[in-house]
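Notes for the structure review
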Amino acid sequence: MVSVHVALGVAVLAVCGGAAVLGLVAYRRGVAGPWVAQALALAQTVLIGQAAVGLLLLSDGRRAPDRLHYSYGAIALGVALSPWFYAPADSRKRLLWFAGTTLLAGALAVRAFTTGS
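Residues numbered from 1 in each chain as written. Predicted model: local features only at pLDDT ≥ 70, side-chain atom pairs only at ≥ 80, totals over all residues. Heavy atoms only, no water.

**Overview of the layout of surface pockets**
For the record, the criterion: With a 1 Å grid laid over protein atoms only, a set of points is called a cavity when a 1.4 Å probe fits there but cannot get out and a pocket when it is open yet has protein on both sides within 12 Å along at least five of seven lines; lining residues have an atom within 4 Å of a point. Grid points are joined across faces, edges and corners, and a volume is the space filled by probe spheres set on the points. A run of H or I in DSSP counts as a helix once it spans at least four residues, and a run of E counts as a strand once it spans at least two, with each numbered from the N terminus. In this classification, the charged set is Asp, Glu, Lys and Arg, the nonpolar set is Ala, Val, Leu, Ile, Met, Phe, Trp, Tyr, Cys and Pro, and all remaining amino acids, among them Gly, are polar.
Here the largest pocket is characterised by a volume of approximately 710 Å³. Lining the largest pocket we find 27 residues, and of these His5, Gln50, Gly54, His69 and Tyr70 sit closest to its centre. Elements that contribute at least two residues to the lining of the largest pocket include exactly helix 1 (2-29), helix 2 (34-59), helix 3 (68-81) and helix 5 (91-116). In terms of residues, the lining of the largest pocket owes the most to one element, helix 2, which gives 7 residues. Of the residues contributing to the lining of the largest pocket, the split by class is 17 nonpolar, 8 polar and 2 charged. Quantified by volume, the second largest pocket comes out at close to 310 Å³. Together, 17 residues line the second largest pocket, and Ala37, Leu40, Arg94, Leu95 and Phe98 are the ones closest to its centre.

Okay, structure coming up:
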């Protein structure tokens, strides 16, 4: 199960980075197609899956060597989901919120990845 958590961690890094870049490019161009929305949703989905597997590992008694790992993981998930509550109604600004928070979640996931191993 630890190997699944590590593999999902690598997927989180790749998907969050790719989705954030795709979202920021779409914002800059002013045109966002369905691929952008799907990529941002995939980033959130992978983060939720990563947190779920982490909780399963925690319930099995497996602990991270550094307690900061839990903080970075929880904050990354919270940041990625925050635009659902706080993003403005304007679609262009909303895209920027989702892309920016996905980029920040990816950066926090990098830190969580380094404190977990």
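**Describing the nonpolar core**
The test is simple: Residues belong to one nonpolar core when they are buried, are Ala, Val, Leu, Ile, Met, Phe, Trp, Tyr or Cys, and are joined through side-chain atoms within 4.5 Å. Exposure categories follow from relative accessible area, calculated using a 1.4 Å probe and restricted to protein chains: below 20% of the type maximum is buried, above 50% is exposed, and the middle band is partly exposed. The contact criterion used is simple: two residues touch if any of their non-hydrogen atoms lie within 4.5 Å.
Residues Val12, Leu40, Leu47 and Ala105 are the most contacted members of the largest nonpolar core, which totals 19 residues. Listed by contribution, the elements that provide at least two residues to this core are helix 1, helix 2, helix 3 and helix 5. Considering every element that reaches this core, the biggest residue donor is helix 2, with 6 residues. The residues touching Ala105, leaving out its near neighbours within four places in the chain, are Leu47, Ala76, Val79 and Ala80.

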